[in-house]
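Fold and geometry: a report
The lines below spell out each chain.
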Amino acid sequence: MTLTPARVPGLRVRRLTSTLYAYAFLEDFVLLYPVYALLFSDAGLAVWQISSLFALWSLTAVLLEVPSGAWADAVSRRMLLWLGPLLTAAGFALWVLWPSYGAFALGFVLWGTGGALASGALEALVYDELEHLGAAGRYARVMGRARAAGLIAVMAAMGLAGPVLALGGHTAVGAASVLVCLATAATATRLPEHRTPAAGHQGWTATLRAGLAEARADRSVRGALLLVPAVGGVWGALDEYTPLLVRETGVADAAVPYLLLLIWAGATAGSLLADRGERLGTRGLAALLAGAGLALAAGAATGSPAGLLLIALAFGGFQAANVLADVRLQRRIEDSGRATLTSVAGLGTEIATITVYGGYALVAASGDHGTAFTVFALPYLMTAVLLVLLRPLRSGRRIP
């Protein structure tokens, strides 16, 4: 059968998206995720040592987020997408082969480095490839489905980690995680990449300077950069406390994982429906954030298992808003600095998340988890108001 020219781009889009969805699933299908705290505890680490590991992980991501994005613009983005999982695999291997504080620390540095390499590079590669195929308008749908694939992988890993741990202990869980990382790297090599790095001999520092110069010169780019952490920073931190919120409703500990799956199902639905929100515009995005914030506050304030349905609804709204904020950013920035500025937004999200961790500890110390969740619904209401009052500039390729 002879393919017509009109059908060739469609086939290439399907190849891109199917590879992307496989990559997104494998990247989060790591059985160590739900049990690595148990590995640390079983190795004899104190709580302060475990906390210091988390801090080291976050610090690595903060320090490398922007330089790795500039590097992705200066070299091959696909290269960084397969290199990152290999570093993560090495970190996980260290954990199970030499379970000690030093090995755990080095493993977190490798994991944080691997995550930083992929951050920004993935979004930039996907947007540019879709634009190359004349399908940039599908970006919200494609990335929404990719995020949903990752969330489904997390839920699958939560379900499988227990049986694998019971059968083979931490060694089996770690080996499975290393194999998944290797499969992720192999999948990344199948991603298409048609761009030619623009930095040439000047290297990633020139790319970084050019990207930051674009943000300084364009007010709409600055607004889009700020919107990404405003949307993702708060609920991304609250997610870490959802098990405590669920237990506070009075359910048995055995029921906590199932109720967490309900919340993750809400976030997954938000990813799958994100592309429909593109038609809403700025006021629609503001309404989405306000509605999700109100659902978060109302669900947390009930203090009952029924309120978790509202929490799931809120997380679905936040996940959809995350995708839409990324769409707004990608459509405002130049191709040559796409990964750089996406990483700048990622750095803002990391900083916002760390800030919320500190604020949450203060609020929860004098109240309870329901109160803390209710308080942190306020930033979303404020962001919604600012979106309406501070309308972005409109010109050329800017979106409303």
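Residues numbered from 1 in each chain as written. Predicted model: local features only at pLDDT ≥ 70, side-chain atom pairs only at ≥ 80, totals over all residues. Heavy atoms only, no water.

With an unreviewed UniProt entry as reference, the chain is termed MFS transporter, source organism Streptomyces thermospinosisporus.

1. Quick word on the pattern of salt bridges
The tally for this structure, following the rule as stated, stands at two salt bridges. Measuring nitrogen to oxygen at the nearest pair gives 2.8 Å for the salt bridge that ties Arg-147 to Glu-123. A residue pair is termed long-range when its members are at least 10 positions apart, and Arg-147 in helix 7 (residues 139–188) and Glu-123 in helix 6 (residues 121–132) qualify at 24 residues. Judged by relative accessible area, Arg-147 falls into the partly exposed class, the value being 29%. (Salt bridge = Lys/Arg side-chain N within 4 Å of Asp/Glu carboxyl O. Helix = DSSP H or I, 4+ residues; strand = E, 2+ residues; numbered from the N terminus. Buried < 20%, exposed > 50% of the residue type's maximum accessible area, 1.4 Å probe, protein only.)

2. A few points about the confidence of the model for the chain
The predicted model of the chain has a mean per-residue pLDDT of 83, with 88% of residues at 70 or higher. Note that residues 1–6 has pLDDT below 50 and, in this model, three contacts with residues that lie over four places away or in other chains. Counting contacts from residues 392–400, a segment whose pLDDT is below 50, to residues more than four positions away or on other chains yields 22 contacts. (pLDDT = per-residue confidence, 0-100. Contact = heavy atoms within 4.5 Å.)

3. Quick word on the environment of Ala-175
When you line up the elements, Ala-175 lands in helix 7. Sequence-wise, Ala-175 and Leu-31 are 144 residues apart; in three dimensions their C-alpha atoms are separated by 9.3 Å.

4. Details of the packing of aromatic side chains
In this structure the tally under the stated criterion is 22 aromatic pairs. Ring centres 4.6 Å apart and planes at 50° place the aromatic pair Phe-40 and Phe-104 in the tilted group. Residue Phe-40 is located in helix 2 (residues 36–42), and its partner Phe-104 is located in helix 5 (residues 101–118); the two are separated by 64 residues in the primary sequence. Residue class for Phe-104 comes out buried when judged on its relative accessible area of 0%. Arranged with centres 6.2 Å apart and planes meeting at 85°, the rings of Trp-95 and Phe-104 form a pair that is edge-to-face. A relative accessible area of 0% places Trp-95 in the buried class. Through pairs of rings, three or more aromatic residues link up here, namely Tyr-33, Phe-40, Trp-57, Phe-92, Trp-95, Phe-104, Phe-108 and Trp-111. (Phe/Tyr/Trp six-rings, centres within 6.5 Å; stacked < 30°, edge-to-face > 60°.)

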